[in-house]
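If you want the building blocks of each chain, they are given just below.
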Amino acid sequence: MSTQNKKEILYLSRFKNGDPRAFNYFFDSYWEELYAVAYRHLQDEAISKDIVQEVFIQIWEKRHLLKEDYESLKPYFLKSIKNKILNHYATEKVRENHMEKMLYRMDKFTFLNDHTTAQYQGLENIVDLAVSRLPKTM
C-alpha cells in the first residue's frame, strides 16, 4: 500500500469522527478535480463551484454513513459530483418545461379581451412571484 493510501485511510478515520483537519485534507486533495469535472459538464463557473461545495457539505454531514473499509473517498466524491450534475440537469429541464408551458398560456391568452388579459397577467405575476420565492432545490 502506498504512502498516499495509508495517509488517506488515516484521514478517512478522522473525517468519519468529525475532525475538521481531515475535512481540509480531503477538500485540498479533491476540490480542484471535482470542480474540473463539474465545469467540463456545466460550462458555468459559479454553478460548478456551488455543486462542488454542496458535495463537500453533503459528505461532511453524512460522514457517519461512510463504511469502515473505504480506502479512499475519491470514488465517493466522483459519484456524488456526477449525481449533483444530473440533478442540476433535471432541475433545469423542469424549469424549461415550466417556461414553455407559461409561454404557451401567454400566447393562448393574447386573443382575449382587455379585462380578461389584465386578470391573466395579474395571475401570472402572482405565480411568478411565488415561484421566485421557492428554494433553488424546488
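**Q** Explain the overall build of the chain here, please?
**A** Summing up its helical and strand segments, the chain has five helices and zero strands in all. Secondary structure elements of the chain occur, N-terminal to C-terminal, as α-α-α-α-α. The 138 residues of the chain split such that 22% are buried. Counting contacts in the chain only where the partners sit at least 6 residues apart, residues at least 24 apart contribute 60% of the total. Working note: accessible area of the chain is about 10,100 Å², and carbon and sulfur atoms make up 56% of it.

**Q** Sorry if this is basic, but what is going on with helix α2 (residues 20–42) here?
**A** An α-helical turn contains 3.6 residues, so a residue and the one three or four places further along point in the same direction. Maximum bend of α2: about 45 degrees, positioned at Tyr-30. Those residues of α2 lying buried are Ala-22, Tyr-25, Phe-26, Tyr-30, Leu-34, Tyr-35, Val-37, Ala-38 and Leu-42. Its side-chain oxygen placed 2.8 Å from the backbone nitrogen of Arg-21, Asp-19 serves as the N-cap of α2. Looking one or two places after α2, you find Gln-43, whose phi comes out positive at around 55 degrees.

**Q** Would you explain the pattern of salt bridges in this entry?
**A** Pairing between side chains becomes possible if they bear opposite charge and their charged atoms approach one another. Applying the stated criterion to the full structure yields four salt bridges. A salt bridge links Lys-74 to Glu-33; the shortest N-O distance between them is 3.4 Å. Residue Lys-74 is found in helix α4 (residues 74–108), and its partner Glu-33 is found in helix α2; the two are separated by 41 residues along the sequence. The partly exposed category is assigned to Lys-74, whose relative accessible area is 31%. Between Lys-49 and Glu-45 there is a salt bridge; the shortest N-O distance is 3.1 Å. Of this pair, Lys-49 and Glu-45 both sit in helix α3 (residues 45–61), separated by four residues, roughly a single helical turn. In this structure Lys-49 comes out as partly exposed when scored by relative accessible area, which is 37%.

**Q** What is the right way to look at the confidence of the model for the chain in this model?
**A** Interpretation of this model should avoid reading the predicted coordinates in detail wherever pLDDT is low. Within the chain, residue pLDDT values average 84, and 84% of them lie at 70 or more. Mean pLDDT in the chain bottoms out at helix α5 (residues 114–132), which sits at 76, and peaks at α3, which reaches 95.

**Q** What's the story with the packing of aromatic side chains in this structure? I'm lost.
**A** Aromatic ring pairs: the centre-centre distance and the angle between the two ring planes describe each pair. Tallied over the full model, the rule gives 16 aromatic pairs. Ring centres of Tyr-11 and Tyr-25 lie 4.2 Å apart, and the angle between their planes is 5 degrees; this geometry places the pair in the stacked category. Of the two residues, Tyr-11 is situated in helix α1 (residues 3–16) and Tyr-25 in helix α2; the sequence distance between them amounts to 14 residues. The pair formed by Tyr-11 and Tyr-25 is uniform in burial state, with each residue classed as buried. Each ring, one from Phe-23 and one from Phe-27, has its centre 6.2 Å from the other, and the planes form 20 degrees; the classification is stacked. Pair noted here: Phe-23 and Phe-27 are both in helix α2, with a separation of four residues, about one helical turn. Over the ring of Tyr-11 we find Arg-14; its NZ or CZ atom is 5.4 Å from the centre of that ring. It is Arg-63 that lies over the ring of Trp-60; its NZ or CZ is 4.1 Å from the centre.

Calculation rules
- Residues numbered from 1 in each chain as written.
- Predicted model: local features only at pLDDT ≥ 70, side-chain atom pairs only at ≥ 80, totals over all residues.
- Heavy atoms only, no water.
- Helix = DSSP H or I, 4+ residues; strand = E, 2+ residues; numbered from the N terminus.
- Buried < 20%, exposed > 50% of the residue type's maximum accessible area, 1.4 Å probe, protein only.
- Contact = heavy atoms within 4.5 Å.
- Areas by Shrake-Rupley, 256 points an atom, 1.4 Å probe, with all protein chains shown as cover.
- Bend = angle between axes of the 7 residues up to and from the residue.
- Polar contact = N/O pair within 3.5 Å; in protein donor to acceptor, adjacent residues only side chain to side chain.
- Salt bridge = Lys/Arg side-chain N within 4 Å of Asp/Glu carboxyl O.
- pLDDT = per-residue confidence, 0-100.
- Phe/Tyr/Trp six-rings, centres within 6.5 Å; stacked < 30°, edge-to-face > 60°.
- Lys NZ or Arg CZ within 6 Å of the ring centre and 35° of its normal.

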